[in-house]
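The chain contents come next:
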Amino acid sequence: MVEFCGLELRNRVINASGTFDAIAARQVYGDALLEHFPFAAFVSKTITPEPRAGNEPQRIWETPAGMINSIGLPNKGLDGFVAENLPRLAELPVPLIVSVMATDHEGFARMVSALDGRDEVAGLELNVSCPNVHSGLIVGEQPTETAALLEALRPLTRKPLIVKLTPNVADPASVAVAAEEGGADAVSLINTVKAAAIDPATGMPGIGVGQGGLSGPAIRPIAVGQVRMVAAAVGLPVVGMGGVCSGADAAEMLAAGATLVAVGTESFRDPAAGTRIAAELSERSRAGNDT
Ligand code: RRO
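Just so you know, these numbers come straight off a predicted model, no measurement behind them. (Residues numbered from 1 in each chain as written. Predicted model: local features only at pLDDT ≥ 70, side-chain atom pairs only at ≥ 80, totals over all residues. Heavy atoms only, no water.)

J.: Even after reading the chapter, I still don't get the sheet that holds strand S12 (residues 212–215), so can you show me in this structure?
T.: Note on sheets: strands pair through backbone hydrogen bonds, and any given pair is parallel or antiparallel. On the basis of which strands lie adjacent, the open sheet formed by four strands has the order S5-S6-S12-S11 and antiparallel pairing. The sheet terminates laterally at strand S5 (60–63) and strand S11 (193–195), the two strands that pair on one side only. Averaged over all pairs of adjacent strands, the angle between strand axes in this sheet comes to 35°, irrespective of strand direction. Pairing of S5 with strand S6 (residues 66–69) involves four bridges; the strand directions are antiparallel. Its bridge partner being in S6, tryptophan 61 is matched across the sheet by isoleucine 68. (Pairing = 2+ DSSP bridges. Helix = DSSP H or I, 4+ residues; strand = E, 2+ residues; numbered from the N terminus. Axes fitted to C-alpha atoms, helices over the stretch in contact; angles between N-to-C directions.)

This is how it looks when you write it as C-alpha cells:
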C-alpha cells in the first residue's frame, strides 16, 4: 500500500483528470470495470459551479507523439454532478478525487464546501488553469493568486487539497511553493502545454477555438523537468504526469521526485493502460531496477 495525503492506495498509478470517463467505461465494461479498475484512485473530469456545454468542434487534434485538446469543460455543474455523477463514481473501488475549477473564489468555495460534506469524496483537486474574473489573471500562472485561493479554501475543508499546476509558466516551482504556503496538501503536474496546429486541408486551425493543450509522450521531458524542479522546491507530495505510457516512464517520474504517477493520454489508446503501467512498475521494483 502507498500512503498519499492520508489515503491508502494500492499502488502509485492514478489517472489524469479528464482522460478516463469511468461512468462511460462502466456502461461499456459493466462490473468487470470494478473488478479490474485501472487506477489506484480516480480523479474526476473537472467540474464548475454552473453547467457548461464545452467548446465547439474540433476539440481534439492528433499530433506527432501526442494530441492537442480544447474540450472546454463540458459538465453538469456542481448540482448536476452531485445528483447524477457522484452516486456512480462512489461505486468505484478506489478513493475518489473531484477536480474543480471556477472563475472566482466564491465559485471554488461553493464547490469545496458542498463536496466537503460528502463522504464519497476522498479529496479535491483544484484546477487553477483558469482566469480569475476579478483580476483577469490565470490563477495558476501567479504565485500570489494561487496563495490567495488556497488561503480562501483551506478553512473550508479538512479533505486533501491537491493543486493541479499549469506548465505554461517560467517558474512552476514558485507557484508550487505558493500553494504549499497557502495550505495545499499536494501538487499535481503537468496540465497540458499551450499549442496549436493548422489543418493542411483548410489552412485553418485544427482546433475549433484556435488553440488548445498538448499532451502525450511529446511533453514527457517537459513534465519530468518540471516535476523535478517542483519536487525539489516543496515538501509536499507530488503527482507527476505528462506522457507516461509505460512502467519505465512511470519510474522516471518517481525518480524525478513524484510520489504518485498519473496516466492521461495513453488511456485513450489503451483503456487498461493504468493496470499495465502499475504491473510494469512493480515488476521493475521486484527486479531491483529503480529507474
Ligand atoms: O476541458 C478542457 O479543455 C481541459 C481542461 Br479543463 C484542462 O485542465 N486541461 C486540458 O487540457 N483541457
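J.: Would you take a moment to explain the pairing of strand S13 (residues 238–241) for this structure?
T.: Both faces of the sheet carry side chains from a regular strand, because those side chains alternate between them. By the alternation rule, side chains of S13 split into Val238 and Gly240 and Val239 and Met241, which are all buried. Bridge count between strand S10 (residues 186–189) and S13: three bridges; the pairing is parallel. Bridging from a neighbouring strand, valine 187 pairs with valine 238 of S13. Here S13 pairs with strand S14 (residues 260–263) via three bridges, running parallel. Looking at the pairing, valine 239 lines up with leucine 260 of S14. (Buried < 20%, exposed > 50% of the residue type's maximum accessible area, 1.4 Å probe, protein only.)

J.: Looking at this structure, I do not really get the sheet that holds strand S8 (residues 123–127). What am I missing?
T.: Spatial ordering of the open sheet is given by S3-S14-S13-S10-S9-S8-S7-S4, a layout of eight strands whose pairing is parallel. Looking at the sheet topology across the chains shown, the edges are occupied by strand S3 (13–15) and strand S4 (42–43). Bridge analysis of S3 against S14 gives three bridges, and the strand direction is parallel. Counterpart to valine 13 in the pairing with S14 is valine 261.

J.: What is the right way to read the site of the ligand from this model?
T.: Taken together, Lys45, Asn69, Ser70, Ile71, Gly72, Leu73, Asn127, Asn191 and Thr192 make up all the residues around the ligand. In the environment of the ligand, an oxygen atom lies 3.0 Å from a nitrogen or oxygen atom belonging to the backbone of leucine 73. Residue classes in the shell around the ligand are distributed as two nonpolar, six polar and one charged. (Near = heavy atom within 4 Å. Polar contact = N/O pair within 3.5 Å; in protein donor to acceptor, adjacent residues only side chain to side chain. Nonpolar A, V, L, I, M, F, W, Y, C, P; charged D, E, K, R; others polar.)

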